[in-house]
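One letter stands for each residue in the lines below.
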Amino acid sequence: MKKCGAVVIGGSAGSLDVLLKVLPEINPKIDFPIIIVIHRKQGADSLLTDLISHRTNLKVKEADEKESILNGCIYIAPSDYHLLIERDFTFSLDYSEKINYSRPSIDVTFQTAADAYGDKLVCLLLSGSNADGVNGLISAKKNGGITLAQDPDTAQVTYMPEQAILKANVSLVLKIDQMADYINSLSETH
Amino acid sequence: MSVTGSITDEQVELLINDVLEQHGYDFTGYSRASLKRRVSRLYSLDKHLSFAEFRYKTLNDNVYFKHFVEGVTVNVTEMFRDPVFYKLLRTKILPSLNTYPFIRIWLAGCSTGEEAYSIAIILKELNLLQKSLIYATDINPTVLEKAANGMFPLSQMKSYSENYIASGGTKDFSSYYSANYNLAKFDAELKHKMIFSTHNLVSDGSFNEFQLILCRNVLIYFDRPLQFSVLRLFDQSLESLGYLALGTKETIDFSPISNTYKRIGTDKIWRKVSA
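Residues numbered from 1 in each chain as written. Chains lettered and ligands numbered in written order. Predicted model: local features only at pLDDT ≥ 70, side-chain atom pairs only at ≥ 80, totals over all residues.

**Describing the overall build of chain B**
- Tallying secondary structure elements over chain B gives 10 helices and 10 strands in all.
- Against the 2.2 N^0.38 benchmark of 19 Å for 275 residues, chain B shows a C-alpha radius of gyration of 19 Å, consistent with a compact globule.
- With the C-alpha coordinates of chain B rotated into their principal frame, the extents come out at 55 × 50 × 30 Å.
- Taking all 275 residues of chain B together, the buried fraction comes to 47%. (Helix = DSSP H or I, 4+ residues; strand = E, 2+ residues; numbered from the N terminus. Rg over C-alpha atoms; globule rule 2.2 N^0.38 Å. Buried ≥ 20, exposed ≤ 12 C-beta atoms within 10 Å, placed from the backbone.)

So, in C-alpha cells, the structure goes:
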C-alpha cells in the first residue's frame with residue numbers, strides 16, 4: 001500500500017474504553033497523525049484530552065481550527081463542532097446542522113479526510129449505537145483508502161460496527177487487541 | 001477525485017467565480033472543506049438534475065441566488081449558547097458599559113437573531129436596554145427577515161430556558177415570549193432596540209464605532225487572510241477600551257491586532273487597550 005497519511009478513528013457509545021486500551025500501545029514514533037472523533041456530551045472537552053494524554057507518550061491535543069496536522073500527534077475533535085480536514089492538511093471547524101444527530105459527526109471527518117488523503121487514508125469505526133461514520137467509510141473506500149471496523153463480538157455496542165460491515169464493505173474487521181499492532185504496522189519508522 | 005456529495009472541487013471553484021462576477025459576493029476566502037459540504041448539501045437538497053442546471057440557476061436566477069447564499073452559509077444558532085459566555089457578559093462586560101451615556105453593540109453574523117434577543121434580555125435585566133442599540137448584521141437578507149420577526153420554534157424553549165438559567169438568568173424565561181401555535185414570539189420591547197441590516201464582512205467596511213462587537217462562530221468559516229482582514233475591520237469599528245467577543249474555538253492570537261488587545265480571563269473576550 002501507499003504510505004499511510006492519517007489514521008482517523010470514529011466511535012460512539014462504548015468506544016472510549018477501546019481507545020484507552022489501544023492508544024497506550026501505539027508506538028510514539030509513528031509517522032502519521034491519529035485523528036479521533038468521539039460522540040459525547042457538550043462541555044467536558046479537556047477531560048477527554050487529559051484522559052487520553054495520560055495513557056500515551058504521543059502528543060495529544062484538541063484540534064484547533066486552521067491548525068496544521070502533524071505526524072506523531074493525536075488530535076481529538078472538540079465537542080459540539082464538526083471537524084473537517086482541508087486539502088492543505090489543516091483542520092477546519094464547522095458549527096452546521098448535526099449529522100446523524102451528532103456534532104461532531106464521524107461522517108463529516110471521514111469524508112473530508114477522504115478528499116484530503118485519498119488512498120493514504122485509514123479509517124476505523126468503533127463501538128456505537130448509531131450509523132454515523134458508515135457513509136464516511138464508503139467515501140474513504142471509494143477514494144482508495146483502507147476501512148476498518150471493530151469486531152462487533154468485542155464491541156460494547158454492536159450497531160455501529162455491524163452497520164459498517166453490512167453497508168461499507170470494510171477492508172478489515174479488527175478485534176480490540178489487534179488494533180494497536182495494525183496501526184503500528186502502518187508506520188515506516190519503528 | 002472527490003466524494004463529498006456529488007460536487008467536485010473544480011465545480012466549487014467555478015461557482016465561487018460565477019457568484020463573484022455575477023453577484024459581487026466573494027466566497028474566495030471561505031474554508032474550502034466546509035464550503036464544499038454546504039454546496040454539495042444544497043445541490044442534493046434542491047434535487048438539481050445536473051451541475052449545469054445548478055450553476056445556471058445560481059448565476060441567472062436572483063431569487064434562487066438568495067436561497068444559495070442562505071444555503072451555503074451556516075445559520076445554525078441558539079439562544080444563550082455557551083451559558084458561561086453569557087454569564088460573563090451579564091456579570092462583567094455589560095455592567096462595565098454602564099458608564100457610557102449610550103451603548104452601541106455590533107452583532108456581526110447574527111443569523112436568525114437568537115443571540116440578539118439573548119443580549120437584549122440581559123440588557124433589559126441590567127436596566128441598560130433603554131440606552132442601548134444592537135446592530136445585528138448578516139450577509140444573508142433571508143435570515144435577517146426571520147430575525148426581525150423575533151419568532152423561534154416553541155420546541156426550543158425548554159433548552160433555551162435551561163441555557164438562560166445556566167447563564168445566570170433568574171426570571172421566568174417564558175415571561176419574555178408568548179406562545180403562538182408552534183412558535184414563541186418574543187416581546188416587541190426587546191426588538192425595539194435592534195437594527196437589522198445586511199453587511200458582508202468580506203467586502204463592506206466599518207459603519208460605526210462600538211463598545212462591544214460580538215462575532216461568534218463566523219471566523220471559523222474563513223481562511224487566515226480573510227480572518228485577519230475581518231479582525232482589522234472590527235478593530236477599526238471598536239472604541240478604545242471596547243470589547244471583542246468571538247466563538248469558543250476562535251482567537252485573535254497571532255493576528256495583526258493581537259498586540260493592542262488584552263484577553264479577559266480565559267474566555268474568548270478581548271479588550272482594546274490602546275488605539
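Further notes follow.
**With respect to the overall build of chain A**
- Of the regular secondary structure elements, chain A holds six helices and nine strands.
- When the backbone C-alpha atoms are referred to their principal axes, chain A occupies close to 35 × 30 × 30 Å.
- The buried share of chain A, reckoned over its 190 residues, is 54%.
- Of the contacts made within chain A by residues no fewer than 6 positions apart, 71% connect residues no fewer than 24 positions apart. (Contact = placed C-beta atoms within 7 Å.)

**Focus: the domain arrangement of chain B**
Residue and element names in this part refer to chain B.
- The domain architecture assigned to chain B consists of domain 1 (9-72) and domain 2 (83-272).
- Each of domain 1 and domain 2 was reduced to a C-alpha centroid, and the two centroids are 28 Å apart.
- On the side of domain 2, 12 residues touch domain 1, which itself brings eight residues to the contact.
- The leading source of residues in the side of domain 1 that touches domain 2 is helix α4 (residues 62-72), at three residues.
- Here the residues of the side of domain 1 that touches domain 2 are counted per class, giving two nonpolar, three polar and three charged. (Domains from an automatic or database assignment. Nonpolar A, V, L, I, M, F, W, Y, C, P; charged D, E, K, R; others polar.)

**A word on the sheet that holds strand β8 (residues 238-246) of chain B**
Residues and elements named next belong to chain B.
- One open sheet holds the seven strands; their spatial order is β6-β2-β1-β7-β8-β10-β9, and the pairing between them is mixed. The outermost strands of the open sheet, each flanked by one partner alone, are β6 (194-198) and β9 (261-263). Sheet twist, expressed as the mean angle between neighbouring strand axes with direction ignored, is 20°.
- In the sheet, strand β7 (residues 210-215) pairs with β8 via five bridges, with the strands oriented parallel. Note that in β8 the partner of Leu-212 across the bridge is Tyr-243.
- Together, β1 (103-108), β2 (132-138), β6 and β7 form the strand contacts of helix α6 (residues 114-125), whose direction differs from that of β2 by roughly 170°. (Pairing = 2+ DSSP bridges. Axes fitted to C-alpha atoms, helices over the stretch in contact; angles between N-to-C directions.)

**A word on the interface of chain B and chain A**
- Listed by partner, the interface residues are 14 residues for chain B and 22 residues for chain A.
- Its residues placed into classes, the side of chain B that touches chain A shows six nonpolar, five polar and three charged.

**Examining the pairing of strand β6 (residues 91-94) of chain A**
Residue and element names in this part refer to chain A.
- Every second residue of β6 is oriented toward a common face, with Phe-91 and Leu-93 on one face and Ser-92 and Asp-94 on the other, all of them buried.
- Relative to β6, strand β5 (residues 82-85) runs antiparallel, the two sharing four bridges. Counted as the bridge partner of His-82 is Asp-94 from β6.
- Linkage of β5 to β6, two consecutive antiparallel strands, is achieved through a turn of five residues, within which Phe-89 is found at a positive phi near 60°.

**A closer look at the environment of B:Ile252**
Residues and elements named next belong to chain B.
- Looking at the element boundaries, Ile-252 is found in the loop between β8 and β9.
- Under the C-beta neighbour-count criterion, Ile-252 is labelled buried, with 22 such atoms within 10 Å.
- C-alpha separation for the pair Ile-252 and Gly-150, spaced 102 residues apart in sequence, amounts to 31 Å.
- When neighbours within four sequence positions are excluded, Ile-252 is seen to be in contact with Leu-231, Ile-257, Ser-258, Tyr-261 and Trp-270.

**Notes on the environment of A:Gly5**
Residue and element names in this part refer to chain A.
- Its place among the elements puts Gly-5 in the segment before β1 (6-11).
- Gly-5 sits 44 residues away from Thr-49 along the chain, and the two C-alpha atoms are 22 Å apart.
- With sequence-adjacent residues up to four places away left out, Gly-5 is seen in contact with Phe-32, Tyr-117, Lys-120 and Leu-121.

**Things to note about helix α7 (residues 141-149) of chain B**
Residue and element names in this part refer to chain B.
- The complete set of buried residues in α7 reads Val-143, Leu-144 and Ala-147. Viewed end-on, α7 has its buried residues packed into an arc of 105°, placing them on one side of the element.
- Check the buried side of α7 and you find it contacts α4, α6, β2 and β6.
- Among the residues trailing α7, Gly-150 stands out with phi positive, at a value near 65°. (Arc of directions from axis to C-beta.)

**Here's the deal with the packing of helix α2 (residues 32-45) of chain B against α4(B)**
Residues and elements named next belong to chain B.
- Across the interface, α2 lies against α4 with an axial gap of 9 Å and an inter-helix angle of 130°. Classified by the angle their axes make, α2 and α4 are oblique. Along this stretch, α2 crosses α4, giving a crossing that reads as right-handed. Residues Leu-35, Arg-38, Val-39 and Leu-42 of α2 touch α4, and the partners they reach there are Phe-68, Gly-71 and Val-72.
- Here the contact of α2 with α4 is composed, by residue class, of five nonpolar, one polar and one charged. (Parallel < 35°, antiparallel > 145°, perpendicular 65-115°, else oblique. Left-handed = near helix turned anticlockwise from the far one by under 90°.)

**Things to note about the sheet that holds strand β7 (residues 121-125) of chain A**
Residues and elements named next belong to chain A.
- Strands sit in the order β3-β4-β2-β1-β7-β8-β9 across an open sheet of seven strands; the sheet is parallel. With partners counted over all chains shown, the strands left at the sheet margins are β3 (59-62) and β9 (172-174), one partner each. Going from strand to strand, the sheet's axes swing by 20° on average, the running direction of each strand aside.
- On top of the sheet, helix α5 (residues 159-167) reaches β7, β8 (146-150) and β9; it is set at about 140° to β8, its chief contact.

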